[in-house]
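Chain residues, written in single-letter form:
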Amino acid sequence: MIMHIEPIDATLGAVVTGLNLARLDDATWGAVHAAFLEYGVLVFPAQHLDAPAQAAFARRFGEVEQLSPKGETPTFAIANIRPDGSLAQPSDEQYKILKGNEGWHTDSTYMPLASKVAMLSAVVVPPDGGETEFADMRAAWDALDAKTQEMLEGRSAFHSLYYSQSRAGFAHRTDHQYGFHDKGAPLRPVVKVHPETGRRSIYTGRHAHGLTGMAPEESERFLDELLEWACQPPRVYRHAWSVGDLVVWDNRCLMHRACPYDPNYPRHLRGSRVSGDPASELAPTYADPRAAGYRPSASNRAKFSSMG
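Residues numbered from 1 in each chain as written. Predicted model: local features only at pLDDT ≥ 70, side-chain atom pairs only at ≥ 80, totals over all residues. Heavy atoms only, no water.

Turning our eyes to something else, we now look at the overall build of the chain. The helix and strand tally for the chain stands at nine helices and 16 strands. The C-alpha radius of gyration of the chain comes to 19 Å, within 12% of the 19 Å expected for a compact globule of 308 residues. Taking the principal axes of its C-alpha atoms as reference, the chain extends roughly 55 × 50 × 35 Å. Counting all 308 residues of the chain, 54% fall into the buried class. A fraction of 79% describes how many contacts in the chain between residues 6 or more apart in sequence connect residues 24 or more apart. When the accessible surface of the chain is totalled, it reaches about 13600 Å², and 52% of it is carbon and sulfur. (Helix = DSSP H or I, 4+ residues; strand = E, 2+ residues; numbered from the N terminus. Rg over C-alpha atoms; globule rule 2.2 N^0.38 Å. Buried < 20%, exposed > 50% of the residue type's maximum accessible area, 1.4 Å probe, protein only. Contact = heavy atoms within 4.5 Å. Areas by Shrake-Rupley, 256 points an atom, 1.4 Å probe, with all protein chains shown as cover.)

Tallying each qualifying case throughout the model produces 17 salt bridges. Note that K99 and E102 form a salt bridge whose closest N and O atoms lie 3.2 Å from each other. The shortest N-O distance in the salt bridge between D142 and R199 comes to 2.9 Å. Of the two residues, D142 sits in helix 4 (residues 137-143) while R199 sits in the loop between strand 9 (191-193) and strand 10 (200-202), which places them 57 residues apart along the sequence. (Salt bridge = Lys/Arg side-chain N within 4 Å of Asp/Glu carboxyl O.)

Bringing the confidence of the model for the chain into the picture now. The predicted coordinates should not be examined in detail at positions where pLDDT is low. The share of residues in the chain with pLDDT of 70 or more is 94%, and the mean pLDDT across the chain is 93. Under a pLDDT of 50 for its full length, residues 296-308 has, in the predicted model, 18 contacts with residues more than four places off or in other chains. (pLDDT = per-residue confidence, 0-100.)

Time to look at the sheet that holds strand 4 (residues 76-79). Overall, mixed pairing links the seven strands, which are arranged 1-2-3-13-5-15-4 in an open sheet. Of all strands in the sheet, those bounded by a partner on one side alone are strand 1 (4-7) and strand 4. Ignoring strand direction, the axes of neighbouring strands in this sheet form an average angle of 25°. Alignment of strand 5 (residues 115-124) against strand 15 (residues 268-275), held across eight bridges, turns out to be antiparallel. Along strand 15, the bridge assignment pairs M119 with S272. Relative to the sheet, helix 1 (residues 26-39) contacts strand 1, strand 2 (14-17), strand 3 (41-44), strand 5 and strand 13 (246-250), its axis offset from that of strand 3 by approximately 125°. (Pairing = 2+ DSSP bridges. Axes fitted to C-alpha atoms, helices over the stretch in contact; angles between N-to-C directions.)

To continue, consider helix 7 (residues 216-230). Note that an α-helix has 3.6 residues per turn; residues three or four places apart therefore point the same way. If you check helix 7, its first and last C-alpha atoms are 21 Å apart, about what 15 residues at 1.5 Å a residue would give, namely 21 Å. Taken together, the buried positions of helix 7 are occupied by S219, F222, L223, L226, L227 and A230. End-on view of helix 7: buried residues confined to an arc of 130°, all on one side of the axis. Exposed positions of helix 7 whose direction lies more than 90 degrees from the buried face are E217, E225 and E228. (Expected span 1.5 Å × (residues − 1). Arc of directions from axis to C-beta.)

Turning our eyes to something else, we now look at the sheet that holds strand 12 (residues 236-239). Spatially, 12-6-14 is the arrangement adopted by the three strands of the open sheet, whose pairing is antiparallel. Looking at the sheet topology across the chains shown, the edges are occupied by strand 12 and strand 14 (254-258). Sheet twist, expressed as the average angle between the axes of neighbouring strands with direction ignored, equals 20°. Here strand 6 (residues 132-136) runs beside strand 12; their pairing, made up of four bridges, is antiparallel. Bridge pairing in strand 12 links F134 to Y237.

Let's shift gears to helix 2 (residues 51-59). Within helix 2, the full set of buried residues consists of A53, Q54, A55, F57 and A58. Elements that come into contact with the buried residues of helix 2 comprise helix 1, strand 3, strand 5, strand 13 and strand 15. Taking the backbone nitrogen of A53 as reference, a side-chain oxygen 2.9 Å away marks D50 as the first, capping residue of helix 2. (Polar contact = N/O pair within 3.5 Å; in protein donor to acceptor, adjacent residues only side chain to side chain.)

Moving on: the side chain of D136. Considering the arrangement of structural elements, one finds D136 in strand 6. The class of D136 is buried, set by a relative accessible area of 1%. Within the structure, the side chain of D136 is placed 2.9 Å from the side chain of T11, a separation counted as a polar contact.

On to the nonpolar core. V41, F134, V247, W249 and L254 are the most contacted members of the largest nonpolar core, which totals 27 residues. Elements with a minimum of two residues in this core: strand 3, strand 4, strand 5, helix 6 (161-167) and strand 13. Broken down by element, this core gets its largest block of residues, three residues, from strand 5. In this view, F134 contacts L12, V41, W104, R235, V236, Y237, H239, V247, W249, L254, M255 and H256; residues no more than four positions away in its chain are not counted. A14, F44, A53 and F57 belong to the second largest nonpolar core, which has 23 residues in total. (Core = buried A, V, L, I, M, F, W, Y, C linked by side-chain atoms within 4.5 Å.)

As a further point, take the packing of aromatic side chains. Tallying each qualifying case throughout the model produces 10 aromatic pairs. Taking 4.8 Å as the distance between ring centres and 90° as the angle between the ring planes, the aromatic pair formed by W29 and F61 counts as edge-to-face. With a gap of 32 residues between them, W29 in helix 1 and F61 in the loop between helix 2 and strand 4 connect regions that are remote in the sequence. When sorted by exposure, W29 lands in the same class as F61, which is buried. Residues Y162 and F180 carry aromatic rings whose centres are separated by 5.5 Å and whose planes lie at 65° to one another, so their mutual orientation is edge-to-face. Placement of the pair is Y162 in helix 6 and F180 in the loop between helix 6 and strand 8 (185-189), with a sequence separation of 18 residues. For the pair Y162 and F180, one class covers both residues: buried. Cation over ring: K192 sits above Y203, and NZ or CZ is 5.1 Å from the ring centre. Over the ring of W229 we find R235, and its NZ or CZ is 4.6 Å from the ring centre. (Phe/Tyr/Trp six-rings, centres within 6.5 Å; stacked < 30°, edge-to-face > 60°. Lys NZ or Arg CZ within 6 Å of the ring centre and 35° of its normal.)

Shown next, in the form of structure tokens:
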């Protein structure tokens, strides 16, 4: 195998060809990982990996996340297709989640341990729309003026899937599934230092709220404006899916979102998500008043009130 890397015309991303990810040797993996750290998102066209092969590639990056109480989830469906083969309707939970994913975000920041790497492969794609966009938060940080950089250093924000979904117009019950849990809202720095490259990036997204040192309304307005400004060319790449494509990205320095498509057509992407390293992706949690059943300690309750 001879790997060829073609940088994308943006501050992030590269298309990688000449490889069979199902038969990746250790030396080639080292080159892939180096490219991953450099470009943030890698596109592998026409790989056509099955679920076990995708899971094996995901494990190259670390432990895959446990997305259900049953344990490790090496692959999962991001699809508008019900178990019986019919298409999801607006009243369905999966429909609401898919629509929410059309907002810029980083995976799993609403969990105590955030994801560090994620990937998607295309199984079924609609005739139009349904692309996935990626935004380079490293380049966004570099482009900020010094005054704003200084203001953001040392600040943190809470992250909650309840919060982001409510802003998208959807309400969800607390049923202890992934995302809609009673573990509390993680408090994360809004400036992230990448644990492998040392580069700084903006670390917010649609789940972020309650910026420390600001009133709720001011925080919401500021975070919205910052995100809108950050996710602009030349810092964005939109990937138009073809069946068999695999795309992997670094959650520690990129954001992404799904693009709209006609829900009368099926769309099925197979996902894998890699757990972050506790030293850099584990965050303290505080009371999330949107989650039923959360019982914070008195000290955490006081901290949340003073911070948020």
